[in-house]
Amino acid sequence: MEHAIETRGLVKRFDGLVAVDDVNLSVRRGEIFGLLGPNGAGKSTIIKMLTTMLRPTEGEAYVWGHHIVRERDAVRSCIGVVFQDPSVDGKLTARENLDFHGRMYGMPGAERKRRIEEVLELVELSDKADVLLEEFSGGMRRRLEIARGLMHRPHVLFLDEPTLGLDTQTRRYIWDYIRDLNEEDVTVVITTHYMEEADNLCNRVAIIDHGRIVALDTPTSLKSMIGTDTLTLEVRDGLERLRDVLLGLEWVRSFDASNGYVRLSVDSAQSRIPEVVLAACRAGVRIKSVSVHEPTLEDVFLRYTGRSMRDETGKGDLVRALMRR
């Protein structure tokens, strides 16, 4: 089996609202795959279908070779899930939460006990095993939820916005845990609207907008589609002289000047800075500052959707309300 997940024409509608629209994707075994997009784009709805919590309106999907509708129990036995919303019991200790999860999956007592110690150590919560969760910070709860998702040794781990609302340091800790899991041959599917998260973690990324996949590739390949870097110069005067000099250089793709700033589209911007400064000096133009902007996944999103990353809270709330109903 080459692929951990395959979907074909996956569609989900809620009372006429199309939340997921004809999604086709294949997630390879052993990769970290990202679903990137704003709230309301359809990321969480895709995860809920793949984890058998929602039935597709159209299409079909397989997780670890099992059909998500016809073989729901088989799918659930081979996946772990960390939900976007908190789902651990604050009135229980960390150990009790994990023990309850293991019992739900029919794990024998000795195996349960051994596995609890292993996953607590993995997420660095061994010293908090017998502390009530109501005393945990948000980051500690998130780490415990990841530990719980791993209790029964899943082949595929779904992480739905695992770092939402966490501080930068805790987010980076979570990234490290995810990488460690992947090295243990766990296929990871992560939804996020943090561009940096997708760029740092994922082997491949699908950008989703209005329920459709608008781009899918490695982060590096997606960014390379944008092409050039942007070199921004803050200058005092002499824009016309500078324009004539710089457009004469074969590696300058474009020249845009406004409000005392010059923006150049160039390849390998960092290495071109000395040449640009030297050319400006020869033209008698004083450069006050230089900055470099390399293509980002935000730029890719802008290219494919025609808008910057946005937080469509209204649509996201509507979809969640319809799912609850």
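See the structure printed just above.
To keep things clear, this report deals only with the structure shown in the data block. (Residues numbered from 1 in each chain as written. Predicted model: local features only at pLDDT ≥ 70, side-chain atom pairs only at ≥ 80, totals over all residues. Heavy atoms only, no water.)

This part takes up the sheet that holds strand E8 (residues 187-192). On the basis of which strands lie adjacent, the open sheet formed by 6 strands has the order E6-E7-E8-E3-E9-E10 and mixed pairing. At either end of the open sheet lies a strand with only one pairing partner, and these are strand E6 (79-82) and strand E10 (212-217). On average, adjacent strands in this sheet sit at an angle of 15 degrees to one another, irrespective of strand direction. The pairing of strand E9 (residues 204-209) with E10 spans 5 bridges and is classified as antiparallel. By the bridge assignment for E10, Ala206 is matched with Leu216. (Pairing = 2+ DSSP bridges. Helix = DSSP H or I, 4+ residues; strand = E, 2+ residues; numbered from the N terminus. Axes fitted to C-alpha atoms, helices over the stretch in contact; angles between N-to-C directions.)

Here we take up the pattern of salt bridges. Tallied over the entire structure, the rule returns 20 salt bridges. A salt bridge links Glu60 to Arg8; its shortest N-O distance comes to 3.1 Å. Here Arg8 lies in strand E1 (residues 3-14) and Glu60 lies in strand E4 (residues 58-63), a separation of 52 residues in the sequence. Through salt bridges with shared partners, one network takes in Arg28, Glu31 and Arg204. (Salt bridge = Lys/Arg side-chain N within 4 Å of Asp/Glu carboxyl O.)

Burial analysis of helix H1 (residues 43-50) places 7 of its 8 residues in the buried class, which makes it a mostly covered element. By the burial criterion, the buried members of H1 are Lys43, Ser44, Thr45, Ile46, Ile47, Met49 and Leu50. Following H1 by one or two positions, Thr52 adopts a phi angle in the positive range, close to 70 degrees. (Buried < 20%, exposed > 50% of the residue type's maximum accessible area, 1.4 Å probe, protein only.)

Another point: the sheet that holds strand E5 (residues 66-67). Across the sheet, 4 strands lie side by side as E2-E1-E4-E5; this open sheet has antiparallel pairing. Each edge of the sheet is formed by a strand with only one pairing partner; in this case those strands are strand E2 (17-28) and E5. Bridging between E1 and E2 involves 8 bridges; their strand directions are antiparallel. What sits directly across from Leu10, in E2, is Val23. Set on the sheet, H1 makes contact with E1, E2 and E4; between it and E1 the angle comes to about 115 degrees. (Contact = heavy atoms within 4.5 Å.)

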